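Here is how the chains run, residue by residue.
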Amino acid sequence: MAGEAVIRIRGLRNQFGRQVVHDGLDLDVLRGEVLGVVGGSGSGKSVLMLTILGLNRPSAGAVELLGVDVLRGDAEARAAAQTRCGVLFQDGALFSSLTVTENVQAPMREHLRLPAPLMDELAALKIAMVGLPPDAGPKYPGELSGGMRKRAGLARALSLDPEVVFLDEPTAGLDPIGAAGFDELIRDLQRSLGLTVVMVTHDLDSLAAICDRIAVLVDKKVRVGTMADHMRDRHPWIQEYFHGPRARAAFAAADMASGEGS
Amino acid sequence: MEDGPGWIRQAEADGRLVVSAGGAWTVAGAAALEQAVAALAPGPAGQVRFDLSALERVDTAGVFLLRAAARRYEETGADVALEGIAAQMRPLFELVAGNEGREPPEAPRSNPLTAVVERLGRSTVAGVRELTALVGFVGEVTLTAARISWRPRRFRIVSLTNQIERAGLNAIPIILLMTFLIGIVIAYQGAVQLRRLGFEILTIDMLAITMLRELGVLLTAIMIAGRSGSAFTAEIGTMKVNEEIAAMQALGLDPVEILVLPRIIALVIALPILTVFADVIGLLGGAAMAVVSMDMNTTQFMVRLGEAATLPHFIVGLVKAPAFAVIIGVVGCYEGLRVSGGADSVGVMTTRAVVLSIFLVIVADAVFSIMFAAMGV
Ligand SMILES: Nc1ncnc2c1ncn2[C@@H]1O[C@H](COP(=O)(O)OP(=O)(O)O)[C@@H](O)[C@H]1O
Ligand SMILES: [Mg+2]
């Protein structure tokens with residue numbers, strides 16, 4: 001199955017007023033990979049994610065998600081493709097009037113007809129899978145810490161066992177231990193569930209630890225490659241990003257970890 | 001991609017039970033699969049083999065149900081072995097096995113009758129607490145106002161003008177329209193009733209007195225409570241949710257000084273002015289109706305109106321306006337600052353602010369009536 005593109009973007013152009021965010025952007029995301037998306041603040045990472053999900057209409061270009069044309073496909077096919085995707089928004093974006101369990105069940109309620117006890121059991125399973133304690137289920141998002149909200153958001157994203165998961169800055173605002181734990185969780189779930197993951201992040205540790213390939217948003221386009229490819233890139237922003245002191249520290253740590261593992 | 005629907009069946013082969021499952025075991029078909037699992041008939045058997053080699057696709061819900069099926073056989077005392085799991089599905093089985101069976105603690109169920117009593121008690125206590133806290137907030141605002149008046153330069157004049165524009169200027173059209181229509185209604189109803197008694201002319205007195213003393217200011221206050229009081233709560237509440245209030249306090253900025261005071265003062269300035277507009281237009285509405293429906297020309301009406309609409313009536317109405325403004329502003333800002341948690345709290349508090357401020361305005365109006373009656377004006 002590897003090698004098949006689950007997301008295919010061609011000639012994408014996004015423009016707000018006179019501000020051009022993307023122009024002539026091409027990107028393929030392959031089944032089963034973890035793709036990191038990096039770029040300066042305001043370079044259009046979140047907009048790119050929303051565009052793939054069909055939540056933002058680009059001014060030009062073609063976007064294909066799981067074989068469905070997101071822009072011109074018929075509404076039913078697009079909705080079906082959307083239910084095969086899960087999204088973790090920045091800050092979780094949990095529904096604040098629902099408990100964690102109800103948040104996780106919300107997609108099931110919308111798309112499936114399942115008996116209530118089964119939904120309860122599946123929600124409990126998802127909540128356990130993301131590493132939340134069982135007593136988090138009946139709590140409201142306002143009663144959770146930032147890290148727990150992220151995990152609850154991930155549980156909701158995984159509610160329907162999606163094939164593709166989008167994560168917008170999942171480790172931003174977490175302490176380093178919490179962030180490392182979240183990285184590990186994503187990697188484990190990605191392997192067990194066979195997920196394709198598109199992860200917007202500024203966290204160099206996450207990039208080094210779990211991403212198979214990295215898409216860098218520069219000059220309104222993306223440059224995709226492995227860490228090693230980007231290290232050789234001459235673009236000044238990419239140079240600065242991958243050769244700064246923080247980057248070196250993160251990559252050294254990742255090298256050591258993989259050295260121990262093998 | 002399209003796999004056959006999931007199935008599960010049980011067969012007996014040389015004394016051993018074999019349960020085989022295949023097709024797609026995914027959350028999309030979970031309802032049917034759960035029924036299929038419930039329909040299995042685990043008989044007494046020493047050993048049960050689950051043959052899962054025909055599975056085409058599984059997800060966590062599917063694995064969960066397969067394991068639930070296996071548990072049904074285990075409960076009869078059988079030895080269950082899951083076999084034939086494809087290599088790429090194995091991590092998923094391990095993941096589910098590691099995480100299932102952790103039911104959330106049951107919420108304690110309570111008797112619905114005692115629950116009603118409990119809620120009633122809780123809301124009574126909460127209501128009393130809210131009122132005392134509101135009084136405390138009034139004190140805080142007063143202190144801040146006193147502090148500012150010592151150093152008027154600290155006062156946020158830009159914020160004040162902005163608030164006056166939004167709460168006052170922008171409200172003029174709706175206030176004018178509303179009181180004009182109310183003037184028409186009063187004049188019409190009054191004329192119909194008083195004509196029968198032969199005192200049609202008194203319609204004008206009634207119009208002038210009700211409009212100037214009561215309705216002009218009261219209706220304006222209610223409209224502003226719904227329009228601006230609610231906006232105060234929603235704005236401040238949203239800032240609370242975004243932790244902007246906490247950020248202000250951390251930076252040594254006083255939210256009462258920066259957010260609350262300009263809003264209250266803006267209402268104290270705007271509401272009396274709006275009341276004057278309301279009074280005038282209300283009388284005009286009544287006049288229009290009177291001229292159309294009564295045998296009276298405009299001059300006659302104006303003379304009579306000039307006698308009825310005296311300055312004391314006008315003043316009695318107008319002095320209430322600043323008091324109502326303070327009530328609406330204080331309640332709106334107070335409920336906004338009480339927002340805690342998420343977006344739903346903003347909605348709850350906004351509703352509460354509107355209901356509470358209208359209620360308190362009407363209470364205050366009653367108190368004023370008693371006071372004026374005692375004073376003989
Ligand atoms: N709905 C919108 N209307 C106007 N401008 C927008 C909108 N959404 C995003 N932008 C602009 O597009 C740019 C990219 O935004 P975003 O994708 O959120 O950046 P980031 O890479 O930090 O996630 C920003 O400059 C932002 O101001
Ligand atoms: Mg963003």
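About the cut-offs
- Residues numbered from 1 in each chain as written.
- Chains lettered and ligands numbered in written order.
- Predicted model: local features only at pLDDT ≥ 70, side-chain atom pairs only at ≥ 80, totals over all residues.
- Heavy atoms only, no water.
- Helix = DSSP H or I, 4+ residues; strand = E, 2+ residues; numbered from the N terminus.
- Rg over C-alpha atoms; globule rule 2.2 N^0.38 Å.
- Buried < 20%, exposed > 50% of the residue type's maximum accessible area, 1.4 Å probe, protein only.
- Contact = heavy atoms within 4.5 Å.
- Areas by Shrake-Rupley, 256 points an atom, 1.4 Å probe, with all protein chains shown as cover.
- Lys, Arg positive; Asp, Glu negative; His and termini not counted.
- Charge placed at Lys NZ, Arg CZ, Asp CG, Glu CD.
- Near = heavy atom within 4 Å.
- Polar contact = N/O pair within 3.5 Å; in protein donor to acceptor, adjacent residues only side chain to side chain.
- Nonpolar A, V, L, I, M, F, W, Y, C, P; charged D, E, K, R; others polar.
- Pairing = 2+ DSSP bridges.
- Axes fitted to C-alpha atoms, helices over the stretch in contact; angles between N-to-C directions.
- Parallel < 35°, antiparallel > 145°, perpendicular 65-115°, else oblique.
- Left-handed = near helix turned anticlockwise from the far one by under 90°.
- 1 Å grid on protein atoms, 1.4 Å probe; cavity = no way out; pocket = protein on both sides within 12 Å on 5 of 7 lines; lining within 4 Å.
- Points joined across faces, edges and corners; volume = space filled by probe spheres on them.
- Salt bridge = Lys/Arg side-chain N within 4 Å of Asp/Glu carboxyl O.
- Patch = residues over 30% accessible without salt bridge, like charges linked within 9 Å, V, L, I, M, F, W, Y side chains within 5 Å.
- Phe/Tyr/Trp six-rings, centres within 6.5 Å; stacked < 30°, edge-to-face > 60°.

Outline the overall build of chain B, supporting the account with residue identities and numerical values.
Secondary structure summary: chain B contains 12 helices and 4 strands in total. Over its C-alpha atoms chain B spans a radius of gyration of 36 Å, topping by over 25% the 21 Å that the globule rule assigns to 377 residues. Projected onto its principal axes, the C-alpha coordinates of chain B cover approximately 115 × 60 × 45 Å. Burial analysis of chain B (377 residues in total) assigns 42% to the buried set. Restricting to contacts in chain B with at least 6 residues of sequence separation, those with at least 24 account for 81%. As displayed, chain B offers around 19,400 Å² of accessible surface, 65% of which is attributable to carbon and sulfur atoms. Taking the average place of the 29 positive charges on the side chains of chain B and the average place of its 34 negative ones, the gap between the two points comes to 8 Å.

Account for the site of ligand 1, naming residues and giving values.
Residue and element names in this part refer to chain A. The environment of ligand 1 is formed by Phe16, Gln19, Val21, Gly40, Ser41, Gly42, Ser43, Gly44, Lys45, Ser46 and Val47. Taking glycine 42, its main chain carries an N or O atom lying 2.8 Å from an oxygen atom of ligand 1. For ligand 1, an oxygen atom lies 3.4 Å from a polar atom in the backbone of serine 43. Those elements that place two or more of their residues in the shell around ligand 1 are β2 (19-30) and α1 (45-52). Here the shell around ligand 1 takes 3 residues from α1, the largest share from any one element. Considering only residue class, the shell around ligand 1 consists of 3 nonpolar, 7 polar and 1 charged.

How would you explain the sheet that holds strand β6 (residues 85-88) of chain A if you had to name every residue and give the values?
Residue and element names in this part refer to chain A. Strand order in the open sheet formed by 6 strands is β6-β7-β8-β3-β9-β10, with mixed pairing between adjacent strands. Each end of this open sheet is capped by a strand with a single partner; those strands are β6 and β10 (221-225). With direction set aside, neighbouring strand axes in the sheet form an average angle of 20°. The pairing of strand β3 (residues 34-39) with strand β8 (residues 196-200) spans 4 bridges and is classified as parallel. Note that in β8 the partner of glycine 36 across the bridge is methionine 199. Lying over the sheet, α1 contacts β3, β6, β7 (164-168), β8 and β9 (213-218), oriented at roughly 155° with respect to β7.

Can you lay out the packing of helix α7 (residues 202-241) of chain B against helix α12 (residues 343-375) of chain B for me, pointing to particular residues and giving the numbers?
Residues and elements named next belong to chain B. Between α7 and α12, the shortest axis-to-axis distance is 8 Å and the interhelical angle comes to 150°. Judged by the angle between their axes, α7 and α12 are roughly antiparallel. Regarding α7 and α12, the two cross each other, and that crossing is right-handed. When the residues that make up the contact of α7 with α12 are grouped by side-chain class, the tally is 13 nonpolar, 8 polar and 3 charged.

If you had to explain empty space enclosed by the protein to someone new, which residues and values would you point to?
Residues and elements named next belong to chain A. If you walk through the whole model with that rule in mind, you get 3 cavities of 30 Å³ or more. Approximately 40 Å³ is the volume found for the second largest cavity. Around the second largest cavity, the lining residues are Leu154, Leu158, Val165, Leu167, Ile186, Leu189, Gln190, Leu195 and Val197. Mapped by element, the contributors of at least two residues to the lining of the second largest cavity are β7 and α6 (176-193).

Mind laying out the packing of α6(A) against helix α3 (residues 90-99) of chain B, listing which residues take part and the relevant values?
Where α6(A) meets α3(B), the closest approach of the two axes is 7 Å, and the angle between their N-to-C directions is 125°. As the angle between them shows, α6(A) and α3(B) are arranged oblique. Each of A:Leu189, A:Ser192 and A:Leu193 in α6(A) lies in contact with α3(B), whose residues at this interface are B:Pro91, B:Leu92 and B:Leu95. Residue classes in the contact of α6(A) with α3(B) are distributed as 5 nonpolar, 1 polar and no charged.

Quick one: what's the story with the side chain of A:Thr171, residue by residue and with numbers?
All names here are of chain A. Counting through the fold element by element, threonine 171 comes out in the loop between β7 and α6. For threonine 171, a relative accessible area of 4% puts it in the buried group. Those residues in contact with threonine 171 that sit more than four places away from it in its chain are Ala179, Phe182, Asp183, Thr201, Asp203 and Ser206.

Explain the pairing of β10(A) to me, and be specific about the residues and the numbers.
Residue and element names in this part refer to chain A. In this sheet, β10 lies alongside β9 in antiparallel orientation, the contact comprising 5 bridges. Paired with valine 218 across the strands is lysine 221, a residue of β10. Linking β9 back to β10 in an antiparallel pair, the connection comprises 2 residues, with aspartate 219 at a positive phi of about 50°.

Now, about the layout of surface pockets: what can you tell me, with residues and values included?
If a probe the size of a water molecule is rolled over the atoms, the empty space left behind becomes visible. There is about 730 Å³ of room inside the second largest pocket. Taken together, 26 residues make up the lining of the second largest pocket; nearest its centre are A:Gly142, A:Arg149, B:Val241, B:Gly341 and B:Gly342. When contributions to the lining of the second largest pocket are tallied by element, the ones reaching two or more residues are α5 (146-157) of chain A together with α7 and α12 of chain B. With 6 residues, the single largest contributor to the lining of the second largest pocket is α12(B). In terms of residue class, the lining of the second largest pocket is made up of 10 nonpolar, 8 polar and 8 charged.

Summarise the pattern of salt bridges; cite the residues concerned and give the values.
All names here are of chain B. Counting across every chain of the model gives 27 salt bridges over all chains. The residue glutamate 130 makes a salt bridge to arginine 352 at a minimum N-O spacing of 3.6 Å. Of the two residues, glutamate 130 is situated in helix α4 (residues 112-150) and arginine 352 in helix α12; the sequence distance between them amounts to 222 residues. On the basis of relative accessible area, glutamate 130 is assigned to the buried category, the value being 10%. Judged by relative accessible area, arginine 352 falls into the partly exposed class, the value being 33%.

Report on a nonpolar patch on the surface, specifying residues and quantitative values.
Residue and element names in this part refer to chain B. Among the surface-exposed residues, Leu177, Phe180, Leu181, Val276, Val280 and Leu284 lie close enough to one another that they form a single nonpolar patch of about 490 Å² accessible area. Taken together, the elements giving at least two residues each to the nonpolar patch come down to α6 (172-197) and α9 (255-293). Its location among the elements puts phenylalanine 180 in helix α6.

Break down the packing of aromatic side chains for me, with residues and values.
Within this structure, the stated rule accounts for 6 aromatic pairs over all chains. Ring centres of A:Trp237 and A:Tyr241 lie 4.8 Å apart, and the angle between their planes is 25°; on these two criteria the pair is classed as stacked. Taken together, the residues span about one helical turn, with A:Trp237 and A:Tyr241 both in helix α9 (residues 236-243) at a distance of 4 residues. Given the relative accessible area of 29%, A:Trp237 is considered partly exposed. Here B:Phe368 and B:Phe372 contribute two aromatic rings whose centre-to-centre distance is 5.8 Å and whose plane-to-plane angle is 20°, an arrangement assigned as stacked. Within this pair, B:Phe368 and its partner B:Phe372 are both found in helix α12, separated by 4 residues, close to a single helical turn. For B:Phe368, a relative accessible area of 15% gives the class buried. Among the residues examined, B:Phe372 registers a relative accessible area of 9% and is labelled buried. The rings of A:Trp237, A:Tyr241 and A:Phe242 are connected pair by pair, giving a single aromatic cluster.

Interpretation in functional terms is not warranted from these geometric data alone.
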